[in-house]
Amino acid sequence: MAGLAGRSAIVTGAGNGIGRAITERLLHEGMNVVGVDVEREALDRLETELGSVHAGRLTTVQADISRREDVDRAVRSCVEQHRRLDLFVANAGIADAEPCLRISEESWRRIIDVNLTGTFFCVQAAARVMVPQRHGAIVVTSSTNAWFVESNMWHYNASKGGIDALVRSAALDLGQYGIRVNSVQPSMVRTRASFVTDDPQFAPKYLERVPLGRFARPEEIASIVAFLASEESSYITGQAIVADGGLTLGIYLPLPAEPLPGSARAAQRHDISH
């Protein structure tokens, strides 16, 4: 992708799933990447498996994005190493599904704190570095759950809906400084956080509603992030790129047994019968 090689990026949730795929893709594009994750073991694996391959261009920071001081520390690490921050990928997030009337305040606050408040901390901290630079890109991992909601996920759905408003707000305010803010909205992706993709009974039923007939791979989401980070999307901001295999396009309906009243086919049958 144009304009990525030699630049610096932070990726949150870098240790697993989509975040790991994004980290690998950006390294492949020649970027210097600071991988951020709350799990030290995941970061250790990342460094072992990717660090040596990419000539020291990967460093890691253990951090919880729901803590402002952790986010600020990750940003400082990047700036101290690379003197600038060109891309921030706010990917980290958590999910849960539980009967809606049993969602506790603790469960609600935990998901909102990580997904929405944590993303706010990330976007704001990145912008504070990028504004003086008059340049930068921020990409947020949202979800089709922002508007195509799923049952028993009130907290998760609400967090992703809030992220959409945050992305648009940030894009509006930061555009004057040459900063672009966009999001990618996946549906079901084959990661450890998706309990649907490996369900032998429900997964096939779910895929009946997906025109492409399969779940997304993390690498496919990473490709969209790379595009939104690159100069190839230099006039795109405040947008959400949906990656759902066609899931949210519409609903399949059965064909009627007879032509519907008022249709041309119904009129033709009426003429033939008379």
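Each remark here, short or long, concerns the structure printed above.
Residues numbered from 1 in each chain as written. Predicted model: local features only at pLDDT ≥ 70, side-chain atom pairs only at ≥ 80, totals over all residues. Heavy atoms only, no water.

Draft legend 1. Examining the sheet that holds strand β4 (residues 87–90) more closely. Strand order in this open sheet of 7 strands is β3-β2-β1-β4-β5-β6-β7, and the pairing throughout is parallel. Lying at the two open borders of the sheet, with one neighbouring strand each, are β3 (58–62) and β7 (240–243). For this sheet, the mean inter-axis angle between neighbouring strands, taken without regard to orientation, is 15°. With respect to the sheet, helix α5 (residues 154–174) is in contact with β5 (136–141) and β6 (179–186), its orientation differing from that of β6 by roughly 160°. Along the sheet face, helix α7 (residues 218–229) touches β4, β5, β6 and β7 and points at about 165° away from the line of β6. (Pairing = 2+ DSSP bridges. Helix = DSSP H or I, 4+ residues; strand = E, 2+ residues; numbered from the N terminus. Axes fitted to C-alpha atoms, helices over the stretch in contact; angles between N-to-C directions. Contact = heavy atoms within 4.5 Å.)

Draft legend 2. Up close: the pattern of salt bridges. In the structure shown here, the tally under the stated rule is 14 salt bridges. Residues R67 and E69 are paired through a salt bridge, measuring 2.9 Å at the closest nitrogen-oxygen approach. For R67, a relative accessible area of 40% puts it in the partly exposed group. By relative accessible area, E69 is classed as partly exposed at 43%. The closest approach of N and O atoms between R214 and E220, which form a salt bridge, is 2.7 Å. Residue R214 is classed as partly exposed on the basis of its relative accessible area, which comes to 38%. Residues joined by salt bridges that share partners form a network here, namely R67, E69, D70 and R73. (Salt bridge = Lys/Arg side-chain N within 4 Å of Asp/Glu carboxyl O. Buried < 20%, exposed > 50% of the residue type's maximum accessible area, 1.4 Å probe, protein only.)

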